[in-house]
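Okay, here's what each chain looks like letter by letter:
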Amino acid sequence: MSTTTTTTTTTTREDEIIYRPLNKPVLGQNGYVGFQPGKKEILPKGFVGKTGWDGLDSRQLTSDIVLEHDVEIVVRDGTKLYADLYYPHGLKEGEKVPFIVSWSPYGKKYSATLMLPVCTWKCGVLPKDISGFEKFEGVDPAIWCPKGYAIASVDQRGSGHSEGNICIMGPQDNEDAYDVIEWLAKLPYCNGKVGLAGNSHLAISQYFIAALQPPSLAAIAPWEGLSDLYRDQFVRGGIFTASNFNLIASIIYRGSGGVEDFEAMYRAHPYATSKFWSDKRVDFSKINIPVFLNGSDVSSLHTMGVLRAWTEIPSERKWLNWSALQEWCHLYSVEESTTDLMGFFDRFLKDVENGWDVNTPKVRMSVLNFGDVDAEENIVVKDWPLPETVNTPFYLAEGAKLSLDQPKEVSTVTYESTSFEDDGTASFAITFDKRTRIIGVPLAHVFVSCDDHDDMCLFVQLRKLDSKGNVLKHVQVPMERRWVEKFADIPQKDHTGLITYPGALGILRASRRKIDRDPKKTWHPHVPFHPHDEDQFVPKGTVVELEIGIWHCGYQFEQGETLRVDVSGTSPNYPELREMNGDRPDGERNRGLHKVHFGGEYPSRVVLPMIPM
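These remarks concern the structure in this document. (Residues numbered from 1 in each chain as written. Predicted model: local features only at pLDDT ≥ 70, side-chain atom pairs only at ≥ 80, totals over all residues. Heavy atoms only, no water.)

## Thoughts on the overall build of the chain
Here's step 1: Looking only at helices and strands, the chain has 13 helices and 29 strands in total.
Here's step 2: Judged by the C-alpha coordinates and their principal axes, the chain covers about 80 × 55 × 45 Å.
Here's step 3: Evaluated residue by residue, the chain yields a buried proportion of 62% over its 613 residues.
Here's step 4: Considering only intrachain contacts with a sequence separation of at least 6, the fraction spanning at least 24 residues in the chain is 77%.
Here's step 5: When the accessible surface of the chain is split by element, carbon and sulfur atoms take 49% of a total near 23,400 Å².
Here's step 6: Put simply, the chain has 65 plus and 83 minus side-chain charges, and the middle of one group is 2 Å from the middle of the other. (Helix = DSSP H or I, 4+ residues; strand = E, 2+ residues; numbered from the N terminus. Buried < 20%, exposed > 50% of the residue type's maximum accessible area, 1.4 Å probe, protein only. Contact = heavy atoms within 4.5 Å. Areas by Shrake-Rupley, 256 points an atom, 1.4 Å probe, with all protein chains shown as cover. Lys, Arg positive; Asp, Glu negative; His and termini not counted. Charge placed at Lys NZ, Arg CZ, Asp CG, Glu CD.)

## Concerning the environment of Ile-379
Here's step 1: Along the chain, Ile-379 falls in strand S13 (residues 376-381).
Here's step 2: Along the backbone, Ile-379 and Arg-364 are 15 residues apart, and their C-alpha atoms lie at a distance of 5.1 Å.
Here's step 3: Ignoring anything within four residues of it in the chain, the contact list for Ile-379 reads Val-363, Arg-364, Met-365, Ser-366, Val-367 and Arg-437.

## What to know about the pattern of salt bridges
Here's step 1: Tallying each qualifying case throughout the model produces 34 salt bridges.
Here's step 2: Residues Arg-231 and Asp-228 are paired through a salt bridge, measuring 2.9 Å at the closest nitrogen-oxygen approach.
Here's step 3: The class of Arg-231 is buried, set by a relative accessible area of 17%.
Here's step 4: Where Lys-521 meets Asp-516, a salt bridge forms, and the shortest distance between an N and an O atom there is 3.0 Å. (Salt bridge = Lys/Arg side-chain N within 4 Å of Asp/Glu carboxyl O.)

## Quick look at helix H3 (residues 171-185)
Here's step 1: Compared with the 21 Å implied by 1.5 Å per residue over 15 residues, the 21 Å span of H3 between its first and last C-alpha is a close match.
Here's step 2: Looking only at H3, the buried set comprises Asp-173, Asn-174, Asp-176, Ala-177, Asp-179, Val-180, Ile-181, Glu-182, Leu-184 and Ala-185. (Expected span 1.5 Å × (residues − 1).)

## Some details on the sheet that holds strand S6 (residues 150-155)
Here's step 1: Spatially, S2-S3-S4-S6-S5-S7-S8-S10-S11-S12-S13 is the arrangement adopted by the 11 strands of the open sheet, whose pairing is mixed. Two strands lie at the open edges of the sheet, namely strand S2 (40-43) and S13, each paired on one side alone. Taken over all neighbouring pairs, the strand axes of this sheet differ in orientation by 20° on average, direction set aside.
Here's step 2: The pairing of strand S10 (residues 291-296) with strand S11 (residues 318-323) spans 6 bridges and is classified as parallel. (Pairing = 2+ DSSP bridges. Axes fitted to C-alpha atoms, helices over the stretch in contact; angles between N-to-C directions.)

## What about the environment of Pro-572?
Here's step 1: With respect to the secondary-structure elements, Pro-572 resides in the loop between strand S27 (562-568) and helix H13 (578-581).
Here's step 2: For the pair Pro-572 and Cys-457, spaced 115 residues apart in the sequence, the C-alpha separation amounts to 13 Å.

Everything listed here is a matter of geometry and, on its own, says nothing about what the molecule does.
Quick look at the structure:
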C-alpha cells in the first residue's frame, strides 16, 4: 500500500491508494495536549474537566476515574497505535470490568464539547449532558466508568501519533481493530469481554470489525451507521459527492501522514466493483454476536445502512430501535437511551441476568409529525418491514396531482435541471381525507427525457404540507430543547441538515440506472441494487424509465394534510456543504430542461408503504 500524500488524480493500479495530507496536531487545538506516553492520573469525584459553552460547566464526575494517556498498542504488522484508557479507580484485587472501545480517526481527546458548539443549536445537547472526556460520537467515561466499565478511546492508524496513514474502513483498519480488541481483553483488569459503541463513523466501523469475528468482541451497538460507503455516502445513485468528508478532513482529522482521498479515488476508480470500493461494503453474513442497532429517517447518511444491517445480520440476538432525533442529541441527551444501552451491555458484557434480552422489543419504530409536533417514538411492531404494510402506487397526474388511478392520457411537465428555485422542481401532491400513516421504503418509477444532454441526475423527495399548504420539516431535537417556540420562527440560516429534516429522498443518475435483480443483492424489493459497473448514457430526447429507491420514512398525516412529491435535478439536502464541496465535473452535471412523462404508456408513480390504521 502506498504511503504518499499526493492528491494526483491520474489512473492508479487497483492496489494503490491516493492520500490527501493531514493537518498535524497542534497544542490547544482539537483537544490536543501533547504526546504523553506513560502518564497516568486519577480524575477525582466532583471534577469538572472541561468547560462547556455559554459559560456553563460540563458534566461533573461522580466517582474517581483512572486515565492512562497514550498507551502504546502494537498491531500485527508492527505499527504503533495509541489509546487513552479510562477505568474505575479502586478496583479490588481480582475485580475485572469489560471494555467499550471508541474506534475512529477522530482524535482520542477530540470530544463532543469541541464539536457541538459549531453546530446549529448545539444539536440540542447541553453542556451538563457530557463531560468532555468522551471521544466525539463515543460513550462518556463519566457515565460508564462509575457503572463498572472501562473505556478505550483509540487513535486508529494515522490519527494523532498513531503511525501510518488513515484508512477509512477496509481490511487494514479492520485488522488493526481486531488486534486492539484482543490486546485490551488480556489486560489484568479486563474480564475478557469487549464491546463497541458509538455513532456514525464509530458505528460504521463496528460492522466491519465484527465481521472479522475477534474472539473477545462480545457485543456491538452501532447507532446510526451506513454500510456501503459507495452507495450510501459518496456515490449515492451514481452521483459523486464529497458529502461531509471535506469538512471532517479539514477540521477534525489530525496526524502526520495522510487520509484516503475519496474524490481522487473515485476519479481513478469510478465503479463500485473496484477493490477500493468493494472493501468498503459490509458483509453482514459474518456477524454472529449480539447487536443493538439504532437508526432514524432523519440521517442523510445512515438510514439504509442500519436497515440493511437489520435485514442481513443472521443472528437472532439483534434489536432495532428507530429514533426521531438527531444522532448526537439521542446519544448524549436522552437519559433513556443511556439506560437502554447500558442494559444491553450489562447483559452481554457482564452476563447480568437483567432480562434486557427478553423484555426489550425486537423492533421499535417512530413516525414523524413534522412542524411543531414531536414525533411518536417507541412504537412496538412485530418486525421490519412491518408485516401489515400495503404497498400502494400513487400515479403522477395532470394538475400537479397524485392519483390512485393511472391517467389514461400522456402528459409532460418540465423543470430547469440546474435550478435551486421553484422552476427547478416538478411537484405532484395528494391531500388525505383521513389520518394516514406511512412506514417503510418508498419506490419511484419516473419516465424522463432530456433534449440537451445524454445523462440526467434526478432527486425525488417526499414533502409534507400542513392543512394550510405550508411546507413543513421535522425538527430533530425535542420541543423543550428547541431554540424557538414555533417551527415558522426558525431563521433560514438554521435550516441545516443537522437540525431540520425536509423529507425522504431518492437519488439516481440515469446513466447508472442498471439494476442487478439477484435476490442475494437486493435486500428489499424497494431498494434496487445498482451495480455501478458501467455507464449507460441516454440518447438525447429518448424517454427512459428510472427506478429510484427512496430512503425509509415514517410519516403521519392528519385529515387535510398533504403529501407532495418533488422531482428535481438538484439535491435539496445539506445546503451548508455545497460551497465547501464545489461543483461536480462538467460531464456529471445536468444540462437544460428535464421532461417528466406520465400517464398512458408512461406510468410514472411513487409506491408508498401504507400502514392500516
